[in-house]
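# Observations on the model geometry
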Amino acid sequence: MNDLLIYLAGTPYDGPAGTDRHIADALSRLTPVMYVDPPVSALTQWRNPEQARSWQAPLLSSPRPGLTRLAPRVAPGMHQPVLHHLTPPLMRRAIRKAVSANGPVAAVISTRVEDLLHAVPARRTVFYATDDLVAGADLIGIPRDRLAAQEQATLRRAEQVAVISLPLQERYAALGHPSTVVPTGCTPEAYANVDTAGIPEDARLPGPIAGFVGHVNDRIDLSLLEAVADRGVSLLIVGPVAAGYQSSRFAALAARPNVWHTGPKAFGDLPGYLRVIDVGLTPYADTPFNRSSFPIKTLEYLAAGRAVVATPLPANDWLATPLITEAAGPAGFADAVERALRVPLQGCDRAERRAFAARHTWTDRARVLAGLAGLTTGEPPCAS
């Protein structure tokens, strides 16, 4: 295939590796992809430090073969009541200018709700809802009514709709929009040598170790991590902390002698940290926003052959495997972690977890999306 696929992302390409980046990378192995970052302004680097690199990045770059990254600039105040309507036209203009030298466009896939699907002529448009943005309006800091109206307009314009979870599929069905579930995936090959990976200097806690790998933000229920630490369990936390997220409380947790926070790490460094982890944790808060999500970390723990303790989520129901232990509440969660840590890591258990994860790869997910986008990539796996 030689036609370009435009991927309108909700997260910057060089941020923490999440659904947008993993899916776009997998799609770029099937067809050329232009990854469009969220818009940034001169104020972004001060108000949202996590996106500061997008402002400093070139307007166009090529971070990997088959993928071009566009980092569009817009006017300050892009989410303010008076100015927010100026952002989509500026985005559309930047996309058209970038595409003029890279087209023709086969399809546009957007995980954003703004009016961007028809920024350029394309044979197929797909709206891919990777979060329930309306449910998360308070966390995002955008009025719920505005997000709901934008979402409805995008659903009407999209020729195909994909969702990351069953709750989103059910909500859209009630609005009259059928959709295909395309959950998150994992990269099993990234963890093929996890058990022989070098042990990082900043991961030398006494074993056994319970570990959290990911972004510490409003999704995470800190009380669950605190309960695990209260039991004297060695707790390794790998990943960035969102600016302003319960900073004093998290600092107190990280200062405990049995807890170590490494800070952000590149995706390629994770095998070393997962080598020392015996049980991976997915301690999500019970919120409507989280219930419509599909945590990546759960599958990554399994791809590394590690046991998993997670809070109850519809995502776990969709995966439908006894390899994930669900537990709710601080005491119940800590109990489940302690029980899991008492079970030694066995070769057969690791193999079973890895085999399960291998059925849920980003390549599989990308093929489903590519099929919805009208791209011929061979027979896609089934999705409900």
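Everything in this summary refers to the structure shown in the same document. This structure is a prediction, so every number in the text was calculated from the model and none was measured.

Where strands meet in a sheet, backbone hydrogen bonds hold them as pairs that are either parallel or antiparallel. Pairing in this open sheet of eight strands is mixed, and the strands run S3-S4-S2-S1-S5-S6-S7-S8 from one edge to the other. Bordering the open sheet on either side are strand S3 (60-64) and strand S8 (180-181), each of which pairs with just one other strand. As paired elements, strand S6 (residues 124-129) and strand S7 (residues 160-163) share four bridges and run parallel to each other. From the neighbouring strand, Ala129 faces S7, where its bridge partner is Val163. Seen against the sheet, helix H4 (residues 87-99) touches strand S1 (4-8), strand S2 (33-36), S3, strand S4 (67-70) and strand S5 (105-110) and runs at an angle of roughly 155 degrees to S2. Where helix H7 (residues 166-174) meets the sheet, it contacts S6, S7 and S8, and its direction lies at approximately 145 degrees from that of S7.

Before going further, it helps to spend a moment on the pairing of strand S9 (residues 209-213). Of all five residues in S9, five are buried; the element is thus mostly enclosed. Alternating residues of S9 divide into Ile209, Gly211 and Val213 and Ala210 and Phe212, and every residue in both groups is buried. The pairing of S9 with strand S10 (residues 234-238) spans five bridges and is classified as parallel. Counterpart to Val213 in the pairing with S10 is Val238.

Pairing is parallel across the open sheet formed by six strands, whose spatial order is S11-S10-S9-S12-S13-S14. Both edges of this open sheet fall to strand S11 (259-263) and strand S14 (324-326), since each of them pairs with a single strand only. Neighbour to neighbour, the strand axes of the sheet diverge by 25 degrees on average, direction disregarded. Sheet analysis places strand S13 (residues 307-310) next to S14, joined by three bridges and oriented parallel. Bridging across to S14, Val309 finds its partner in Thr325.

Inspection of the entire model under this criterion finds 22 salt bridges. Notably, a salt bridge pairs Arg64 with Asp25, separated by 3.8 Å at the nearest N-O pair. Placement of Arg64 in strand S3 and of Asp25 in helix H1 (residues 19-28) is noted, with a sequence separation of 39 residues between them. Of the charged contacts in the structure, one is a salt bridge between Asp132 and Arg171, with a shortest N-O distance of 3.0 Å. Of this pair, Asp132 sits in the loop between S6 and helix H5 (137-140) while Arg171 is found in helix H7, placing the two residues 39 residues apart along the sequence. Classification of Arg171 by relative accessible area gives partly exposed; the value is 25%. Via salt bridges that share partners, Asp195, Arg306, Arg350 and Arg354 belong to a single interconnected network.

Here the focus is helix H12 (residues 296-303). With eight of eight residues buried, H12 lies mostly within the body of the structure. Burial in H12 covers these residues: Ile296, Lys297, Thr298, Leu299, Glu300, Tyr301, Leu302 and Ala303. The positive-phi residue at the C-terminal boundary of H12 is Gly305, with phi of around 80 degrees.

Quick look at the packing of H1 against helix H16 (residues 362-372) now. The interhelical angle for the contact between H1 and H16, taken along N-to-C directions, is 75 degrees, at an axis separation of 8 Å. With respect to H16, the axis of H1 lies roughly perpendicular. Between H1 and H16, the residues in contact are Thr19, His22, Ile23, Ala26 and Leu27 and Trp362, Thr363, Arg365, Ala366, Leu369 and Ala370, respectively. Tallied by class, the residues present in the contact of H1 with H16 amount to seven nonpolar, three polar and one charged.

Attention now moves to H1. Most of H1 sits out of view: nine of its 10 residues are buried. Burial in H1 covers these residues: Thr19, Asp20, His22, Ile23, Ala24, Asp25, Ala26, Leu27 and Ser28.

Take the nonpolar core next. Counting 116 residues, the largest nonpolar core has Ile6 and Tyr7 as the members making the most contacts within it. For this core, the element with the highest residue contribution is H16, accounting for six residues. In contact with Ile6, not counting residues within four places along its chain, are Met34, Val36, Val99, Val105, Ala107, Val108, Ile109 and Val120.

Cut-offs used in this document
- Residues numbered from 1 in each chain as written.
- Predicted model: local features only at pLDDT ≥ 70, side-chain atom pairs only at ≥ 80, totals over all residues.
- Heavy atoms only, no water.
- Pairing = 2+ DSSP bridges.
- Helix = DSSP H or I, 4+ residues; strand = E, 2+ residues; numbered from the N terminus.
- Contact = heavy atoms within 4.5 Å.
- Axes fitted to C-alpha atoms, helices over the stretch in contact; angles between N-to-C directions.
- Buried < 20%, exposed > 50% of the residue type's maximum accessible area, 1.4 Å probe, protein only.
- Salt bridge = Lys/Arg side-chain N within 4 Å of Asp/Glu carboxyl O.
- Parallel < 35°, antiparallel > 145°, perpendicular 65-115°, else oblique.
- Nonpolar A, V, L, I, M, F, W, Y, C, P; charged D, E, K, R; others polar.
- Core = buried A, V, L, I, M, F, W, Y, C linked by side-chain atoms within 4.5 Å.

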